[in-house]
Structure formats: structure tokens, C-alpha cells
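# Close look at the chain arrangement
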Amino acid sequence: CIMETEINNKIAEKATEQADKNENSLRITPTSKDNLISTSRWANFIAIVGFVMLGIMVVISISSFIITPIMGEFQDFQSIPFPLYLFGLIYLIYAVIGFFPYYFLYTFAKKVRKGLENNDQDTFDTGLTNLRRLALFVGVLMIIALSMLLTIIPIIVFSFGMLHTLSGGTMI
């Protein structure tokens, strides 16, 4: 009897929670829907152009790996103080890092639009989750970039001070 009462209480609690959720739920007005669909179209365009640019970066990267040994045979390119494939490696790293924001943006665009057109809440929520992932990824990249910048600036200032001291106080 006690077990049956507890089960009934839990069912009643769930029903109350669901009713509260429906009363306080966010509505998507026709204007909001139109704005989100328009936003998803632009996001889709931006993501596709981004993927094309990443593809070009990968082609340039691979080309630099192939061309570097050939260019090393020429006298003009032997005086370069660093290997040219380093540019290709940097482009490849940028392409890999750049893939994720464009992927999240593309998935956001497709899922939000599909969810709105089909009135599918789960698909719509998945699209918004990808928008959150995009913001999180870009935010973390910003934090990393700013921390690197704040680390590098004092090193540069210190280096110029050392050069100034080593040169006997004369301007270089």
C-alpha cells in the first residue's frame, strides 16, 4: 500500500512538472521562426564557404610538402633559414582547428532549419546545441590566444631590453 502511494505521488509529481514546463515554455513566434530560418540559411552559406577555404588550405599544405624537396635543389631557395614545409604544416594545423567551428555552424544551420520546418523539437534542440558548441569552441580559442599573447608580449619586451643592453645602449 505504501509502495503504491509512492508510485502515485511520483506520477503526480511528473505530471505537475510537465504542466509547469508547458506553462513556462518558450514560444517561437512566426517572426522568430522566420529570423531563425534566415539565420540558418546564412550560417549554412558561411559554413560551406569555410569548408571550401579549408579545402584550399589543405591543398596548399600538401603542395608545400611536395614542392619543398624540389625547391631545395635550386640555389635561390637554399638561403631560406627555415624549411618551407613548415608553412604547409602551419596551414594544415589551421585547417584542422578551423574544421570544428565550421562543422558546428553547418550542423546548427541544418538542424535548426529542419527542426523549424518539420516542427521537430529534438532536431531544433540539437541545432541549438551545436550553436552552443560553436560559441564554446571559439571562446576557448580566444582564451588560448589571449593567454599566448599575454605570455609573448613580456618576452618581446624583455628581448628588446636585452638587445638594448648588449648593444651598449645604442639604438639598433
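Please refer to the structure placed before this passage.
Residues numbered from 1 in each chain as written. Predicted model: local features only at pLDDT ≥ 70, side-chain atom pairs only at ≥ 80, totals over all residues. Heavy atoms only, no water.

### Details of the environment of Ile-46
Summarising the element assignment, Ile-46 is placed in helix 2 (residues 30–71). Separated by 56 residues in sequence, Ile-46 and Tyr-102 have C-alpha atoms that sit 7.9 Å apart. When sequence neighbours within four positions are dropped, the list of residues in contact with Ile-46 reads Tyr-102 and Leu-105. (Helix = DSSP H or I, 4+ residues; strand = E, 2+ residues; numbered from the N terminus. Contact = heavy atoms within 4.5 Å.)

### Things to note about the nonpolar core
Core analysis: the largest hydrophobic core is formed by 11 residues, namely Ile-37, Ala-43, Ala-47, Phe-104, Leu-105, Phe-108, Ala-109, Val-112, Leu-116, Phe-124 and Leu-134. The set of elements that each furnish at least two residues to this core consists of helix 2, helix 3 (85–118) and helix 4 (121–166). Ranked by residue count, the leading element in this core is helix 3, at six residues. Setting aside residues up to four positions removed in sequence, Phe-124 forms contacts with Ile-28, Leu-36, Lys-111, Val-112, Gly-115 and Leu-116. (Core = buried A, V, L, I, M, F, W, Y, C linked by side-chain atoms within 4.5 Å. Buried < 20%, exposed > 50% of the residue type's maximum accessible area, 1.4 Å probe, protein only.)

### Looking at the packing of aromatic side chains
Counted by the stated rule, this structure contains nine aromatic pairs. Ring centres 5.5 Å apart and planes at 80° place the aromatic pair Phe-99 and Phe-100 in the edge-to-face group. Residue Phe-99 is classed as partly exposed on the basis of its relative accessible area, which comes to 36%. Taking the relative accessible area as the measure of exposure, Phe-100 reaches 35% and is therefore partly exposed. (Phe/Tyr/Trp six-rings, centres within 6.5 Å; stacked < 30°, edge-to-face > 60°.)

### Here's the deal with the pattern of salt bridges
Taken as a whole and assessed by the stated rule, the structure comprises one salt bridge. Where Arg-113 meets Glu-117, a salt bridge forms, and the shortest distance between an N and an O atom there is 3.1 Å. Pair noted here: Arg-113 and Glu-117 are both in helix 3, with a separation of four residues, about one helical turn. Its relative accessible area of 46% is what places Glu-117 among the partly exposed residues. (Salt bridge = Lys/Arg side-chain N within 4 Å of Asp/Glu carboxyl O.)

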